[in-house]
Amino acid sequence: MVQAVIFDMDGLLLDSEDFWQQAEFDTFSALGVPLTLADTAKTVGWRCDYVVDYWYRQSPWSGPTQGEVADQIITQVIELIRQRGVLLPGARQALQLCQQLRLPVALATSSNHHMMLAALEHFELMPYFHATCSAQYLPYAKPHPQVYLNAAAALGIAPEQCLALEDSVTGVIAAKAARMRCFAVPEPQHRHDPRYSIADKVLDSLLQLEQKDLLNI
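Engineer: Residue-level account of the packing of aromatic side chains, with values.
Structural biologist: Under the defined criterion, the tally for this structure stands at 6 aromatic pairs. For the ring pair Phe-28 and Trp-55, a centre distance of 6.4 Å and an interplane angle of 45° mean the geometry is tilted. Placement of Phe-28 in helix H1 (residues 17-30) and of Trp-55 in helix H2 (residues 48-58) is noted, with a sequence separation of 27 residues between them. Exposure remark for Trp-55: the relative accessible area of 5% places this residue in the buried category.

Written as structure tokens, this is what we have:
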């Protein structure tokens, strides 16, 4: 039996990946970086400073610092979440299932700490979590496993006894590197990406997460 469940946030609980892409497109386009909205899909699941550094190396700009650009993107994402954000199918039900089974729950996200708290408060999800971990101040974000290891440590549970729930390949790699079991919940267009084969199970949505999944692992 799994002893704890660790959730990703963007793209798993929150339908926010499009907001990140829109904010990045708007911000980089204003700086003269030649990219399309589709180009922003290259960095889905990355920490914001990684994204900014990537596009700066592709097309350096003058004016605002990389830190200022990252802050601008994060501010826009928070506003979009507050204006138009919704939870993904099964998100609240999955958290409630863990609560019913009395499983400790943590969050492990590459997102900015302030953005993480703003999103959890907006959707009233904070009471479900025993620990929340952002990779903002870590030397490395996902696919490095540290944020997952920190989440397990915050719960006092060995990583091998944790189940991670992820939507991106980057996140799945991080969870498996932390020696956790991992269920992937990809976006429909990425459902058949062979890289998800490293996950222990692939779900179409969190609506497919069942009690037996948490008791029979």
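Engineer: Summarise the nonpolar core; cite the residues concerned and give the values.
Structural biologist: One finds Phe-7, Leu-13, Phe-28, Ile-73, Phe-129, Leu-165 and Leu-214 to be the most contacted residues of the largest nonpolar core, which totals 53 residues. Those elements that provide at least two residues to this core are strand S1 (4-7), H1, H2, helix H3 (66-84), helix H4 (91-100), strand S2 (105-109), helix H5 (113-122) and strand S4 (162-166). Considering each element in turn, this core owes the most residues, 8 residues, to H3. Excluding its chain neighbours within four sequence positions, the residues that come into contact with Leu-13 are Phe-7, Asp-8, Val-86, Leu-87, Leu-88, Ala-91, Leu-95, Leu-107, Phe-129 and Leu-206. Of all hydrophobic cores here, the second largest spans 27 residues; its members include Ala-106, Ala-135, Ala-141 and Ala-175.

Engineer: Any details on the sheet that holds S2? Residues and values, ideally.
Structural biologist: Strands sit in the order S3-S2-S1-S4-S5-S6 across an open sheet of 6 strands; the sheet is parallel. Lying at the two open borders of the sheet, with one neighbouring strand each, are strand S3 (131-134) and strand S6 (201-202). Bridging between S2 and S3 involves 4 bridges; their strand directions are parallel. If you follow Thr-109 over to S3, its bridge partner there is Ser-134. Lying on the sheet, H4 is in contact with S1 and S2; it crosses S1 at an angle near 160°. Set on the sheet, helix H7 (residues 169-177) makes contact with S4 and strand S5 (181-184); between it and S5 the angle comes to about 165°.

Rules used throughout
Each residue is numbered by its place in its chain's sequence as written, counting from 1. The predicted nature of this model means local features are confined to residues of pLDDT at least 70 and side-chain atom pairs, given and counted, to a pLDDT of 80 or more, with totals for whole chains, interfaces and linings taken over all residues. Excluded from the side-chain calculation are hydrogens and water; included are all heavy atoms of the structure. What counts as a ring pair is set by centres within 6.5 Å for rings of Phe, Tyr and Trp (its six-membered ring), and what kind of pair is set by the plane angle: stacked under 30 degrees, edge-to-face over 60, tilted for all other angles. In this text, helices come from DSSP runs of H or I with a minimum length of four residues, and strands from runs of E with a minimum of two, each type numbered from the N-terminal end. Each residue's exposure class comes from its accessible area (1.4 Å probe, protein chains only) as a fraction of the maximum for that residue type: buried when under 20%, exposed when over 50%, partly exposed otherwise. Residue types Ala, Val, Leu, Ile, Met, Phe, Trp, Tyr and Cys, when buried and joined through side-chain atoms within 4.5 Å, form a set referred to as a nonpolar core. Should any heavy atoms of two residues lie within 4.5 Å, those residues are counted as being in contact. Paired strands, in this sense, are two strands between which DSSP finds at least two bridges. Between N-to-C directions, angles span 0 to 180 degrees; the directions come from axes that are lines fitted to C-alpha atoms, helices contributing only their stretch in contact.

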